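An overview of the molecular structure
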Amino acid sequence: MSEDGDDIILSELDDDELVQQMYDDLYDGLKEEIEEATHILLDRGWTPYNVLTKALVEGMRIVGVDFRDGILFVPEVLLAANAMKAGMSILRPLLVETGAPKLGSMVIGTVKGDIHDIGKNLVGMMMEGAGFDVVDLGINTDVDEYLAALEEHKPDILGMSALLTTTMPYMKVVIDTLKEKGLRDDYIVLVGGAPLNEEFGKAIGADAYCRDAAVAVETAKEFIARKHNQMAAG
Ligand code: B1M
């Protein structure tokens, strides 16, 4: 990493400069620099959540813009994604081990045909941090895999992620199958991913669309509280 021939010493940058540098390093797919900068921000007292959202997620948003505009291509974006994941893996234990009381459980996966997993992983991490047990089915999850996991783990929540307009309709396939089997009401179904919106969530019969990981946690908590109230009343 060099600018005008001078090596940049990450630890000598102030917070704003360091975060700007992280955007550049994520863009360039520089995994080790992202790891180092993540540690530096944590050492300076940044919360894991702020490092995640203000540095890593924002950096990936910038990558997404240039990917959309044809300035970056798949190989570069894959490197950026790997660098982001390296930062996330440093934050994961910090976000997950909050000692929060157990609130419920969730099975989550990215739908069939879709291999984007950063957002799903982030939702999983935040849900674990909030006190949910999370079973992650990974990417490219078909309806049979979702059904088998629901049967095996009997979670409170089914979470589905889709990042492509071509794969988001598959969420409806899963929900319709649950309906056909008389299982739909056994689970709280939460959906998310960049191309979705609230209207889509309603149209496919999900309980809620979650804009981001923080909203997913809040929505999950709300629905779990409602479920407990209903159980107490009935
Ligand atoms: Co892809 N890709 N990609 N990609 N990629 C997008 C999604 C795209 C919008 C880029 C663009 O053109 N601007 C575009 C989709 C266009 C569309 O459908 N409208 C796109 C495309 C076209 C493609 C390919 C088709 C490219 C190609 O091959 N020509 C291809 C498809 C592969 C496939 O899936 N079959 C492809 C491939 C890839 C990479 C492999 C290179 C890589 C993925 C690496 C990985 O995930 N391991 C990649 C990436 C990184 C992106 C962008 C740049 C970033 C996605 C991301 O990680 N964001 C993305 C651009 C963008 O989204 N603007 C893009 C960061 C993450 C934290 O945000 O995932 O939105 P996000 O998750 C958020 C919320 O959405 C929400 O919470 C998360 C955290 O706050 N959320 C949930 C997500 N899931 C949730 C589930 C829930 C709740 C909330 O359940 C309860």
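In what follows, the structure referred to is the one given above.
Anyway, here's the lowdown on the structure attached to this text.

What counts as what
- For every chain, the first residue of its written sequence is number 1, and the numbers climb from 1 along that sequence.
- Given that the model is predicted, a residue must reach a pLDDT of at least 70 before its local features are reported, and side-chain atom pairs must reach 80 or more before they are shown or counted; all residues, however, enter totals for whole chains, interfaces and linings.
- Just so you know, side-chain values use all the structure's heavy atoms and leave hydrogens and water out.
- Helix and strand assignments follow DSSP, with helices taken as H or I runs no shorter than four residues and strands as E runs no shorter than two, numbered in order from the N terminus.
- A simple rule labels every residue: compare its accessible area, found with a 1.4 Å probe on the protein chains alone, to the largest value its type can have, and call it buried under 20%, exposed over 50%, or partly exposed in between.
- In this tally, Lys and Arg are treated as positive and Asp and Glu as negative; His is ignored, and so are the chain termini.
- Here, a salt bridge means any Lys or Arg side-chain nitrogen found within 4 Å of an Asp or Glu carboxyl oxygen.
- By the criterion applied in these results, polar contacts are pairs of N or O atoms within 3.5 Å in which, for protein atoms, one can donate a hydrogen and the other can accept it, and in which residues neighboring in sequence qualify only through two side-chain atoms.
- Here, two residues are considered to be in contact whenever any of their heavy atoms come within 4.5 Å of each other.
- Stacked, tilted and edge-to-face are the three classes applied to pairs of Phe, Tyr and Trp rings, where Trp contributes its six-membered ring and a pair requires centres within 6.5 Å; stacked means planes under 30 degrees apart, edge-to-face means over 60, and tilted covers the rest.
- In our convention, an over-ring charge means Lys NZ or Arg CZ found within 6 Å of a ring centre and within 35 degrees of that ring's normal.
- When we say a residue is near a molecule or strand, we mean one of its heavy atoms is within 4 Å of it.
- Strand pairing requires that DSSP identify at least two bridges connecting the strands.
- To get an axis, a line is fitted to the C-alpha atoms, and for a helix only the part in contact is used. The angle between two axes follows their N-to-C directions and goes from 0 to 180 degrees.
- Each angle gets one of four labels, with under 35 degrees taken as roughly parallel, over 145 as roughly antiparallel, 65 to 115 as roughly perpendicular, and the rest as oblique.
- Residues were grouped as follows: Ala, Val, Leu, Ile, Met, Phe, Trp, Tyr, Cys and Pro as nonpolar; Asp, Glu, Lys and Arg as charged; and all remaining residues, including Gly, as polar.

Structurally, D66 is set in helix α3 (residues 48-68). Buried within the structure, D66 lacks any salt-bridge partner; R68 is the closest side chain of opposite charge, at an N-O distance of 6.8 Å. Reaching out from D66, the side chain makes a polar contact with the side chain of Y27 at a distance of 2.5 Å. Beyond its immediate chain neighbours, meaning those up to four positions away, D66 contacts Y27, I71 and L72.

What follows is about the packing of aromatic side chains. For the structure shown, the criterion picks out 0 aromatic pairs. The ring of F223 carries R226 above its face, with NZ or CZ at 4.4 Å from the centroid.

What follows deals with the site of the ligand. Lining the immediate environment of the ligand, one finds 32 residues, of which I115, H116, D117, S161 and T165 sit closest. Within the contact set of the ligand, a nitrogen atom lies 2.7 Å away from a side-chain nitrogen or oxygen of S161. A194 places a polar main-chain atom, nitrogen or oxygen, 3.3 Å from an oxygen atom of the ligand. Looking at the shell around the ligand, the elements that each hand over two or more residues are α3, α4 (74-96), α5 (118-129), β5 (157-161) and β6 (188-192).

Once that is clear, we can look at the sheet that holds strand β4 (residues 132-136). Strand order in the open sheet made by the 5 strands is β4-β3-β5-β6-β7, with parallel pairing throughout. The outermost strands of the open sheet, each flanked by one partner alone, are β4 and β7 (208-210). When the angles between neighbouring strand axes are averaged without regard to direction, this sheet yields 25°. Note: strand β3 (residues 104-110) against β5, 5 bridges, orientation parallel.

Let's shift gears to the packing of α3 against α4. At a closest axis distance of 10 Å, the pairing of α3 and α4 adopts a crossing angle of 170°. On the basis of their axis angle, the class for α3 and α4 is roughly antiparallel. Only V74, V77, A80, A81, M84, G87, M88, L91, L94 and L95 of α4 make contact with α3, whose side of the interface consists of P48, Y49, V51, L52, L56, V57, M60, V63 and F67. Partitioning the contact of α3 with α4 into residue classes produces 18 nonpolar, 1 polar and no charged.

Before going further, it helps to spend a moment on the environment of V143. Mapped onto the secondary structure, V143 falls in helix α6 (residues 143-153). In this structure V143 comes out as buried when scored by relative accessible area, which is 14%. Setting aside residues up to four positions removed in sequence, V143 forms contacts with Y170, V174 and T177.

Let us look at the side chain of D156. Residue placement: D156 occurs in the loop between α6 and β5. At 2.8 Å, the side chain of D156 forms a polar contact with the backbone nitrogen of S105. Looking at D156, its side chain comes within polar contact range of the side chain of K227, at 2.8 Å. Beyond its immediate sequence surroundings of up to four residues, D156 is in contact with G104, S105, Y187, I188, I224 and K227.

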